[in-house]
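For reference, the chains in residue letters:
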Amino acid sequence: MSIELAALLTLLLKLIFPLLRIGAFMLSSPLLSIDSVSLRLRISIALVLSVLVISLQQIPEYNPLSIDGVLIAFMEVFIGVMMGFTLQIVTAAFTVSGSFISNSMGLSFANIVDPGMGNVPIISQFFILLATLIFLAMNGHLILMQILIGSFIAVPIGNYPDFTGWFDILWLWTPKIFIAGIVLGLPVVIALLVINMGLGIVTRAAPAMNIFSIGFPALLAGGFLFILVALPGIETGMEALWSEGVITINRLLGL
């Protein structure tokens, strides 16, 4: 009985550090951190992946209650959060793009009228759902598993990553939130700007016309029409941004 207990304790000591990195990544990554993925499913996936890691790689044993063990635990959480944060920048770019278009269409007022929507505009929610489906169509869930398993080879447990290199990579990657967001929404926003210019000309030509009763429906109808026309290009941009996010994580890990 004592032998089985000792073996179980040894397995637990090997399991805890991979579980910290994988759990931190799942809590911070855009696909696995959504509310539709239940907590039990996240824990089950994290445990299965942790068992897979310790079966494929030799994991050193550290006392989690020692100073070294606590430092390694914090480091594992940090590595997992940084990998997830890299992909969160991609979803933030989609949110910025949708917000950019929503403000041009006049839909920003909907967040005030309906507090249940939160701070995410309607178009941003649509873009995030579309981007999630594109990511799954790219086998993104399998790519995430591959990144997690490969991270233990690139940065073994107990080793410290190159923080200077990480800072340089993230410093150049973070502005993608605004650059990619503006690029994705720019065609639709320019088309809506043309509609606004046309409405301005109509107002000057016929001052007695109620521009508010004409402008809002025109912007809404035109916005949805332009989004539909620009959707193939937006999908291509989303796919390219997901691929760039995966490449950035591989650069962080040195893969």
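Use the structure listed above.
Heads up: these notes are all about the structure in this document. What you see is a predicted model; the values in this text were computed from it and never measured.

### Details of the packing of aromatic side chains
Overall, the coordinates contain five aromatic pairs when judged by the stated rule. Between Phe78 and Trp166 the ring centres are 6.0 Å apart and the planes differ by 20 degrees, which places this aromatic pair in the stacked class. One end of the pair, Phe78, is in helix 3 (residues 67–105); the other, Trp166, is in helix 7 (residues 163–173), with 88 residues separating them in the sequence. Ring geometry for Phe126 against Phe127: centres 5.9 Å apart, planes inclined by 45 degrees, an arrangement best described as tilted.

### Thoughts on the side chain of Glu76
Inspection of the secondary structure assignment puts Glu76 in helix 3. The class for Glu76 is buried, based on a relative accessible area of 0%. If sequence neighbours within four positions are ignored, Glu76 has contacts with Phe17, Leu20, Arg21, Phe152, Ile157 and Gly158.

### Details of the side chain of Ser28
Turning to its location among the elements, Ser28 is positioned in helix 1 (residues 2–28). By relative accessible area, which is 13% here, Ser28 ends up buried.

### Concerning the packing of helix 2 (residues 39–56) against helix 6 (residues 140–154)
What describes two packed helices is the angle between their axes and the distance between those same axes. The geometry of helix 2 relative to helix 6 is characterised by a closest axis approach of 10 Å and an angle of 40 degrees between their N-to-C directions. In terms of axis orientation, helix 2 runs oblique to helix 6. By crossing handedness, the relation of helix 2 to helix 6 is classed as right-handed. When helix 2 is examined against helix 6, the residues Leu49, Leu52, Val53 and Leu56 are found in contact with a partner set consisting of Met145, Leu148, Ile149 and Phe152. Residues belonging to the contact of helix 2 with helix 6 are distributed by class as follows: eight nonpolar, no polar and no charged.

### Some words on the nonpolar core
In terms of nonpolar packing, the biggest core is built from 59 residues, with Ile22, Met83, Phe94, Ile101, Met238 and Trp242 touching the most fellow members. Broken down by secondary-structure element, the contributors of at least two residues to this core are helix 1, helix 2, helix 3, helix 5 (122–137), helix 6, helix 7, helix 8 (176–205) and helix 9 (211–253). Excluding anything up to four places from it in sequence, Ile101 contacts Ile123, Phe127, Gly185, Val188, Val189, Leu192 and Ile227.

### A look at the packing of helix 3 against helix 6
Running from N to C, helix 3 and helix 6 cross one another at 145 degrees; their axes reach a closest spacing of 12 Å. Where helix 3 crosses over helix 6, the two elements pack in a sense that is right-handed. On helix 6, the residues that touch Glu76, Met83 and Leu87 of helix 3 are Leu144, Ile147, Leu148, Ser151 and Phe152. Its residues placed into classes, the contact of helix 3 with helix 6 shows six nonpolar, one polar and one charged.

### Digging into the pattern of salt bridges
The tally for this structure, following the rule as stated, stands at two salt bridges. A salt bridge links Glu76 to Arg21; the nearest nitrogen and oxygen atoms lie 2.7 Å apart. Placement of Glu76 in helix 3 and of Arg21 in helix 1 is noted, with a sequence separation of 55 residues between them. Across the pair, exposure class does not vary: Glu76 and Arg21 are buried alike. The shortest N-O distance in the salt bridge between Lys176 and Glu244 comes to 3.3 Å. Pair noted here: Lys176 is in helix 8 and Glu244 is in helix 9, with a separation of 68 residues, a long-range link. With relative accessibility at 24%, the residue Lys176 sits in the partly exposed group.

Calculation rules
Residues numbered from 1 in each chain as written. Predicted model: local features only at pLDDT ≥ 70, side-chain atom pairs only at ≥ 80, totals over all residues. Heavy atoms only, no water. Phe/Tyr/Trp six-rings, centres within 6.5 Å; stacked < 30°, edge-to-face > 60°. Helix = DSSP H or I, 4+ residues; strand = E, 2+ residues; numbered from the N terminus. Buried < 20%, exposed > 50% of the residue type's maximum accessible area, 1.4 Å probe, protein only. Contact = heavy atoms within 4.5 Å. Axes fitted to C-alpha atoms, helices over the stretch in contact; angles between N-to-C directions. Parallel < 35°, antiparallel > 145°, perpendicular 65-115°, else oblique. Left-handed = near helix turned anticlockwise from the far one by under 90°. Nonpolar A, V, L, I, M, F, W, Y, C, P; charged D, E, K, R; others polar. Core = buried A, V, L, I, M, F, W, Y, C linked by side-chain atoms within 4.5 Å. Salt bridge = Lys/Arg side-chain N within 4 Å of Asp/Glu carboxyl O.

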